[in-house]
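# Observations on the model geometry
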Amino acid sequence: MKDNYELKQLKKHFAVCMAVFLPLIWLVSWYFCEFDMRKAFLITGLAAGFGIAVWVIACRKLQEIYGDVADISDLMVEVVEGSVTYDGEVYKQGTMGLLYTNYYKMVTALRESRMKEGREKEFLRDTISDISHQLKTPLASLKVFVELLYDDKITEEEKRKDVLKEAGKQLNRMEWMVLAMLKLARIEAGSVQFEKRNCDVREMLHTAMEAVDYLLGKRRQKIEISLPEDSGKEGTVNLFCDKEWLTEAMINLLKNASDYSAEDTVIKVSVEENNLFTAIHIEDEGVGIPEEALPHIFKRFYRVSNEVNPGSVGIGLSLTKSIVEGMGGRITVRSKVGKYTRFTIRFVE
Ligand code: ADP
């Protein structure tokens, strides 16, 4: 091991000490040995040998300690550079071992906070790029509509109305998208506190159905609800969840079930309850989702290309998943193209 600065300094001090004390020892022993020079040299030689032996042992120990300190210092550099790997094992004993252990704990905490910081930055970057990317197209169309109307380029009243109707549609889409994106960002950033309490599933389903009633009415679609008969108190099924947020998740699923089904179809909503879990199934008789799209269906901005809903943004399902998982539940999907799509929200008891 190479000598470090402290060791070199100590060596200098040792040499000075020897240079000062050895003649002194020689003088004292010479005096006490009745001016016998041989005895004085012998005593001085023994003292020098003892001193050097102690020095060599102390030097080795010091070199070890300084080596450990240097290792820790190297590790600190690696932590700062982010290249350190901690295997959780501690090889040293005693005070140095303790220092290593505490240092490793600090390394782990530092690394975790670094990773968290990195993930947050990545999340923020993705969210901003997603929002700007998704808003560009409707904003560009709105700009064109405004310019056309402002320059009086559309003279026919009927066409003006069409343009305004389209502008209204784009605005609604943007509003829904921005609100959904903000909700999703808040949930994913962990700033939403779900207020979980015992909620009546039937009540939540009715609120969700009321919200999509207008949509269903327009397309003459119906919802059939089936609750478990043996659910104790007169058909009441309780779920420990946040009522508002779970209702929002149900609205998203019901809205999709309606959007991706033909007119005059039925949407089946059933609730299953047993000792292990409570599940809510929402099944439609619509276009279905291709098998290869199923693994991606909950990803942000993922859309299945079909003509049924060309305005799809691909955010409703990822928001629904975040809501359900944020409350400790799980959401799954099964589908067969042209036959059915069945979403299941499941909460383990
Ligand atoms: P959006 O936010 O536009 O409503 P979603 O995230 O809810 O989009 O849905 C993503 C994609 O999943 C949609 O483009 C659609 O193709 C598909 N999808 C969602 N629900 C259904 C369903 N019930 N039946 C068929 N396809 C569906």
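Reading the values: the criteria
- Residues numbered from 1 in each chain as written.
- Predicted model: local features only at pLDDT ≥ 70, side-chain atom pairs only at ≥ 80, totals over all residues.
- Heavy atoms only, no water.
- Patch = residues over 30% accessible without salt bridge, like charges linked within 9 Å, V, L, I, M, F, W, Y side chains within 5 Å.
- Areas by Shrake-Rupley, 256 points an atom, 1.4 Å probe, with all protein chains shown as cover.
- Salt bridge = Lys/Arg side-chain N within 4 Å of Asp/Glu carboxyl O.
- Helix = DSSP H or I, 4+ residues; strand = E, 2+ residues; numbered from the N terminus.
- Buried < 20%, exposed > 50% of the residue type's maximum accessible area, 1.4 Å probe, protein only.
- pLDDT = per-residue confidence, 0-100.
- Pairing = 2+ DSSP bridges.
- Axes fitted to C-alpha atoms, helices over the stretch in contact; angles between N-to-C directions.
- Contact = heavy atoms within 4.5 Å.
- Near = heavy atom within 4 Å.
- Polar contact = N/O pair within 3.5 Å; in protein donor to acceptor, adjacent residues only side chain to side chain.
- Nonpolar A, V, L, I, M, F, W, Y, C, P; charged D, E, K, R; others polar.

Below, the discussion takes up a nonpolar patch on the surface. Together, V16, V20, F21, L24, I25 and I43 line one region of the surface with nonpolar side chains, adding up to about 510 Å² of accessible area. In terms of residue count, helix α1 (residues 5–32) provides more of the nonpolar patch than any other element does, 5 residues in total. Structurally, V20 is set in helix α1. With a relative accessible area of 48%, V20 lands in the partly exposed category.

What follows is about the confidence of the model for the protein. Mean pLDDT over the protein: 87, with 93% of residues reaching 70 or higher. The spread of mean pLDDT over the elements of the protein runs between helix α3 (residues 94–150), the lowest at 82, and strand β6 (residues 330–336), the highest at 97.

The mixed open sheet is built from 5 strands, whose spatial order is β2-β4-β5-β7-β6. Both edges of this open sheet fall to β2 (222–226) and β6, since each of them pairs with a single strand only. Along the sheet, successive strands turn relative to each other by an average axial angle of 15°, direction set aside. With 6 bridges connecting them, strand β4 (residues 266–273) and strand β5 (residues 277–284) associate as antiparallel partners. Along β5, the bridge assignment pairs E272 with A279. In this fold helix α5 (residues 201–218) packs onto β2, β4 and β5, with an angle of close to 170° to the strand it touches most, β2.

On to the site of the ligand. Around the ligand there are 21 residues in total, and N256, S312, V313, G316 and L317 lie nearest to it. Between the ligand and D284 there is a distance of 2.9 Å, counted from a nitrogen atom to a side-chain nitrogen or oxygen. Within the side chain of T341, one N or O atom sits 3.5 Å away from a nitrogen atom of the ligand. Protein contact buries 98% of the 550 Å² of open area that the ligand shows by itself. Contributing elements (two or more residues each) for the shell around the ligand: α6 (243–259), α7 (316–326) and β7 (340–348). Its residues assigned to classes, the shell around the ligand shows 12 nonpolar, 7 polar and 2 charged.

On to the environment of I128, then. In this structure, I128 sits in helix α3. Judged by relative accessible area, I128 falls into the exposed class, the value being 51%. Along the chain, I128 and A185 lie 57 residues apart, while their C-alpha atoms are 9.9 Å from each other.

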